[in-house]
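Close look at the chain arrangement
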Amino acid sequence: MIIQLISKYLSYLEIERGLSQNTIAAYKNDLFLFFEYFNQINSIEEIKRGHFSEYIKFLGKSGTNPATITRKIASLKSFFRYLSSIQEIKANPALSIAAPKVSKKLPKVISIDEIEKLFKEKMDSRENAIFELLYATGLRVSELVELETKNIDLKNNTIRTIGKGSKERVIPLGTNAKKALEAYLKEREITLRLSTSKNKAKEKVFLNNFGEKITRQWVYTFIKSLGDIIHKSISPHTIRHTFATHLLENGADLRVVQELLGHTNIITTQLYTHISKKHLKDVYFAING
């Protein structure tokens, strides 16, 4: 019975909420771990509030960090909220469960000087286009690797992407990013013509040397190599954080940045205002001692 309810919930996440397979897999893992811990329970109605408290204590004692516990509890709360909405349970036992408080760490960002230094590095057309696009648009790495040629409008200088929850957004394309893309797209056509691979990804923008879709891991490795140049550990998400922070530092409206990043909740975007304030303080004290 519990297995069937989990399966039904996962289908709901995929079909009605349009969540990615990676996100659905994370929910599935969190739910199965919870019910494996309480393997003596056979009916969903047997779950009480005390079970969650016990589970949180167990996770804490087993060394699970607070951020991971918070995510696991969020998965459980979402599942039981769903069960309540379809009237599979009379009362929601997870309604008032509080996960451990997690102090939000400010994401890493790269300074403008460091960005400029990286742009001076020698890159091939694909690497240059990827770096330009990440910094100019704030794309997530998943959005980058899934980007399709039909979603690039060089006439109107925009790209269209599908983000989390199948949310579509249109992002302006700056002059430098446009030039880098145009140069890469010419090389891309040559790659496709020469490719003999059975897995050619003609619809995708960024391809490997065999004409196949690049992987997220390839992008991570490439961005990490750029970090080595400025002696920092960075990832594609660092470039996304940098994009948002530099926009705010240069006077962009918070709502505009929210829209560009594809954040559903502006509270998520507000995190970047703290980074900007920290930057101002650093600059002030560097000048004034």
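Predicted model, so just to flag it, every value in this text is computed and none were measured. (Residues numbered from 1 in each chain as written. Predicted model: local features only at pLDDT ≥ 70, side-chain atom pairs only at ≥ 80, totals over all residues. Heavy atoms only, no water.)

1. Re the overall build of the protein
Broken down by element type, the protein carries 12 helices and 3 strands. Contacts in the protein between residues at least 24 apart in sequence constitute 59% of all its contacts with a sequence separation of at least 6. For the protein, the computed accessible surface area is about 16,700 Å², with 52% contributed by carbon and sulfur atoms. (Helix = DSSP H or I, 4+ residues; strand = E, 2+ residues; numbered from the N terminus. Contact = heavy atoms within 4.5 Å. Areas by Shrake-Rupley, 256 points an atom, 1.4 Å probe, with all protein chains shown as cover.)

2. Some words on the environment of E259
Looking at where E259 falls in the secondary structure, it is placed in helix α11 (residues 254-261). For E259, a relative accessible area of 48% corresponds to the partly exposed category. With 90 residues separating them along the chain, E259 and R169 place their C-alpha atoms 7.6 Å apart. (Buried < 20%, exposed > 50% of the residue type's maximum accessible area, 1.4 Å probe, protein only.)

3. Overview of the pattern of salt bridges
The final tally for this structure, using the stated rule, is 12 salt bridges. A salt bridge links R140 to E143; its shortest N-O distance comes to 2.6 Å. Counted as one network, the salt bridges with shared partners bring together E146, E148, K150, K204 and K213. (Salt bridge = Lys/Arg side-chain N within 4 Å of Asp/Glu carboxyl O.)

4. A closer look at the environment of A94
When you line up the elements, A94 lands in the loop between α4 (66-85) and α5 (112-119). Residue classification places A94 among the buried residues on the basis of a relative accessible area of 1%. Spatially, the C-alpha atoms of A94 and I47 are 9.1 Å apart, while their sequence positions differ by 47 residues.

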